[in-house]
Structure formats: C-alpha cells, structure tokens
Amino acid sequence: MHDKTVAQLTAGLQTGQFSSAELTRCFLDRIASLDSRYNSFISVADEQAMAAARAADERIAAGDAGPLTGIPIAHKDIFCTDGLRTSCGSRMLDNFVPPYDATLVTRLNRDGVVALGKTNMDEFAMGSSNENSFYGPVRNPWDTSAVPGGSSGGSAAAVAAGLAPAATGTDTGGSIRQPAAFCGITGLKPTYGRVSRLGMVAFASSLDQAGPMARTAEDCALLLNSMAGHDPQDSTSSQVPTEDYCARLADSLQGLRIGLPREYFGAGLDPATAACIDQALKELEALGATLVEVSLPHSHLTIPTYYVIAPAEASTNLSRYDGVRYGYRCEQPTDLLDLYTRTREEGFGEEVKRRILVGTYALSAGYYDAYYKKAQQVRRLIKQDFIDCFGQVDVIAGPTTPGPAFALGSKSDDPVAMYLEDIYTLAVNLAGLPGMSVPAGMVGGKPVGLQLIGQHFGEARLLNVGHRFQQATDWHARRPADPAVEAA
Ligand code: GLN
C-alpha cells in the first residue's frame with residue numbers, strides 16, 4: 001500500500017480493497033520502524049490520525065467521500081495544527097501548540113484527509129539542505145549521506161521513502177521544488193496567493209506560498225483542488241476563481257510552446273544533470289511541444305535580490321518572537337531587555353540570526369534606499385523578463401537545481417555556496433509565478449528534477465505538462481531501496 005499514488009489509494013479505498021484505518025496504520029508503522037534513518041518527522045500524531053481514519057471510513061461507508069477522504073498525508077511543521085505542536089523547525093516554537101488550524105489544514109480536513117504528523121524542515125524555512133533544523137538534519141532516502149534539499153526536506157523525504165503518499169510544503173525561494181527534485185518526487189509551488197497563508201508561519205510574506213508534494217502531477221492536482229482558493233481571512237489570497245486541476249491533465253501537448261531560458265543552461269549547471277534535462281525536453285518535443293530559446297536577462301540578479309528581500313521580510317516577521325507572548329522564553333531574565341535578547345539568542349539558530357542581521361541592516365534608515373528599495377526595483381525587472389517571455393511561449397522549462405543532492409555537511413559552513421543552490425528557483429517567487437519540479441532522470445544514483453514554470457494562475461497547464469510527461473516516462477515511478485523490504 002505504501003508504494004501507491006494518491007489516485008490509486010483513492011480507488012482502493014472506494015472499492016473497499018482496504019480501509020483508511022488499515023492504510024493509516026500501515027504508514028504509522030512504517031514511520032515508527034523506518035524514520036530513525038531519515039528523521040523526516042518532528043511529530044507523529046498516532047491517535048489523532050487513527051481517529052480521523054475511522055471517521056473517514058464512516059464517510060466512505062455512507063457514500064459521502066471525495067477523492068481525498070481517508071488518504072493519509074504529512075504536513076510540513078510550518079502549518080498550524082490545532083492541538084498538535086507546530087515547531088517550524090525551531091527551538092523558539094518547540095513548545096508551541098496552536099489553538100487553531102491553518103486554512104490549508106482546515107480545507108484538507110474538510111475533504112477527509114488523515115494527517116499523519118508534522119515533517120522536519122529548515123528552521124523557519126530558511127535553507128536549502130534541511131541542515132538548519134533544531135531537530136537535526138533529514139537524510140535523503142536515495143543516499144543517506146546526502147541532503148534531501150530544503151526547506152521542505154522532511155516532506156520530500158517522507159514521500160520518497162514511502163512514509164506518506166503525499167505531503168504539504170511551502171516555497172519561498174524553492175523549498176517545494178528543490179527538495180522534490182533531490183528526492184525524486186513531484187512538487188508544485190502555486191501562483192502567489194493561490195493558497196491561503198493563514199496559519200502558515202511567516203518567513204518572507206511577499207514570497208511564501210504553500211503547495212502539494214507527491215509522487216505524481218495527478219496527485220498534486222488532487223491536493224491542489226482541496227488547498228486552493230480565496231480565503232477571506234488572508235488579504236493576500238487571490239480572488240481569481242480556481243478550476244478543477246484534474247480536468248485538463250490529459251490534454252494534448254500538441255502545439256505547446258516551451259521556452260528554454262538561455263541563462264538556465266549555462267555555466268554552473270552540472271553536465272550530467274544538463275543531459276537529463278535535454279533528454280526530458282526531447283520527450284516533451286516527441287509529445288508535440290515546440291522548444292523555443294528565450295532569455296531572462298536579469299537572471300544574474302536573482303540571488304542578490306532575493307537575499308535582500310527575503311531576509312528583510314524575515315527580520316520583521318521574526319520580531320514577534322520576544323519571549324513574552326508564546327514560544328521559548330529564557331530562564332530567569334533579569335530585566336525586559338535581558339528577556340528579549342537572551343530568548344532570541346537561545347531560541348534562534350545560526351542561519352536565522354544571520355538573516356535577521358542582514359534584513360535589519362537592509363531595512364535600517366540609512367540603507368533602505370540602497371538595499372531594500374533597490375531590490376524591489378530589480379524584482380520588477382525580473383518579473384518583467386518573465387512577462388516578456390510569456391509573450392512568446394506557454395511554459396518555461398529548465399533544471400530545478402544545478403545538480404543532484406549534495407553531501408550532508410558539504411556546504412553548511414559556506415552560506416554563499418548554499419545560496420547558489422537556489423539559482424533556478426528564486427526568480428519564480430520574486431515574480432509570483434507557479435513552478436513545478438518533476439523527476440526527470442538519475443545522476444549517480446540520485447534523482448534530478450525538470451522545472452516547469454507557468455504564467456500566473458497557470459497551474460492547470462503545468463500539471464498537464466507534468467502529467468503527460470509522466471505518462472511517457474517512468475522517473476516518477478522509481479523508488480529508493482526500501483529498508484523494510486531488505487530486512488524481510
Ligand atoms: N533556500 C531558500 C532560502 O534559504 C528558499 C527557502 C524557501 O523556499 N523556504 O531562503
């Protein structure tokens with residue numbers, strides 16, 4: 001059961017091949033026996049999950065089930081879950097049990113999803129390797145000496161290892177797409193505002209966006225159908241109507257124009273990864289698409305722009321963690337200033353502090369115009385590059401990452417080398433566009449991802465391209481060695 005896609009599990013549940021209680025037990029048992037290898041979960045919700053599974057079985061028996069009813073999933077530990085600890089990978093929130101659900105959680109619950117638990121992540125979603133978690137690094141199921149990517153590394157590893165059929169993630173600069181690529185799964189970062197941010201712990205509010213992570217594009221479409229839509233409680237959530245994201249999955253790609261940005265295929269891209277991407281593009285051509293070279297001339301400015309804007313927004317968002325209201329509080333503060341400073345000194349990790357320092361500096365009175373304002377101006381140019389491209393093409397394609405998953409510890413002392421990992425993903429967030437990563441090959445036994453970038457609110461098109469690609473290839477169907485099978 002743990003090997004199946006969500007779509008296959010739905011069929012199994014609805015035809016009575018197994019119950020949600022059996023399915024949920026299967027995943028909980030796998031987590032209990034295997035996750036010590038990966039460290040992909042921070043909290044497991046055994047009892048709540050079994051109760052939700054029994055409730056789902058009743059709905060199925062009563063004929064009141066949708067496609068997600070009874071399907072177990074894992075939530076990134078950035079989404080508030082009523083009564084279940086939400087740590088955001090930080091000591092600061094290690095003791096935080098939210099009194100409410102994030103809108104995304106509410107919507108998935110409404111549709112009968114069973115939450116297995118909360119997945120490990122880089123602290124406050126800052127990172128590309130999952131090494132910045134207070135709960136320790138996550139290991140890549142394809143190679144446990146390699147990182148799973150970040151910041152949604154726990155979600156990606158859990159799905160890849162068959163500890164959950166699907167998971168939620170968030171993407172501020174690549175955190176759904178990059179771990180999806182490194183772990184050989186499919187991840188979709190929707191258009192900014194497509195999915196509510198209410199109850200999702202804020203990192204960089206103008207960039208953060210939640211989305212699905214699963215084995216296939218079809219499964220991502222099923223999850224997006226539940227997650228997407230306007231939320232009156234989130235003023236940045238979009239009023240643009242949603243659609244049935246499954247309806248156009250099988251559409252033909254005949255005549256589809258795919259733009260290949262020159263800047264995404266140059267120096268810095270690992271040649272073996274480039275060969276996989278070329279092969280994937282040939283596959284899309286064989287399915288009827290036309291490849292067109294395009295240019296995103298401001299690509300070289302995306303890393304500096306993002307690493308001003310994201311830390312600036314993070315520094316203001318993280319000012320709320322002061323030891324007064326909720327979360328960590330230092331022992332025996334001598335006065336108010338000591339309470340603030342020691343709480344933050346002890347509660348935040350190194351990368352989070354680095355971002356707070358950079359962000360506070362960039363926003364300070366004498367430097368605001370030189371850094372933050374300038375970055376916002378460049379952000380506009382980066383967005384315009386995409387708008388210009390979409391005058392010529394329907395989707396943009398390229399690699400998700402410069403290479404396959406790197407070794408644990410290999411970049412953790414060099415923040416700039418780590419930031420360079422985000423070279424192909426950041427611009428999508430700066431422009432507010434939807435982006436997706438689909439498994440597209442293997443390099444040295446580790447997966448690599450093809451990135452597809454769509455027009456604003458073009459999720460259905462991306463899912464369609466991903467689905468057709470997955471019908472013609474089997475990269476998404478490959479699985480890492482399963483220790484449970486080897487032990488048997
Ligand atoms: N790796 C990027 C960062 O460290 C993006 C993280 C994210 O998307 N949450 O900020």
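Further up the page is the structure itself.
Reference entry: report on the structure contained in this document. Quick caveat, the model's predicted, so the values are computed rather than measured.

**A look at the pairing of strand β3 (residues 114-119)**
Extensive coverage of β3 is indicated by the burial of 5 of its 6 residues. Relative to β3, strand β1 (residues 41-44) runs antiparallel, the two sharing 3 bridges. Its bridge partner being in β3, Ser-43 is matched across the sheet by Lys-118. Both strand β2 (residues 72-76) and β3 contribute to a ladder of 5 bridges, which runs parallel. Following the sheet pairing, Pro-72 is matched in β3 by Val-114. Between the parallel elements β2 and β3, the chain passes through helix α4 (residues 103-110) in a crossover that is right-handed.

**Focus on the state of the cysteines**
Inspection of the entire model under this criterion finds 0 disulfides. The cysteine Cys-246 is free of any disulfide, with Cys-220 supplying the nearest cysteine sulfur at 10 Å. Owing to a relative accessible area of 25%, Cys-246 belongs among the partly exposed residues under this scheme.

**So, the environment of Gly-432**
Among the secondary structure elements, Gly-432 is positioned in the loop between α14 (426-431) and β10 (435-443). Setting aside its immediate chain neighbours within four residues, Gly-432 contacts Lys-189, Thr-191, Tyr-192 and His-456.

About the criteria used
Residues numbered from 1 in each chain as written. Predicted model: local features only at pLDDT ≥ 70, side-chain atom pairs only at ≥ 80, totals over all residues. Heavy atoms only, no water. Buried < 20%, exposed > 50% of the residue type's maximum accessible area, 1.4 Å probe, protein only. Helix = DSSP H or I, 4+ residues; strand = E, 2+ residues; numbered from the N terminus. Pairing = 2+ DSSP bridges. Right-handed = clockwise from strand over helix to strand, strands pointing away. Disulfide = S-S within 2.5 Å. Contact = heavy atoms within 4.5 Å.

Scope: geometric values only; no functional claims are made or implied.
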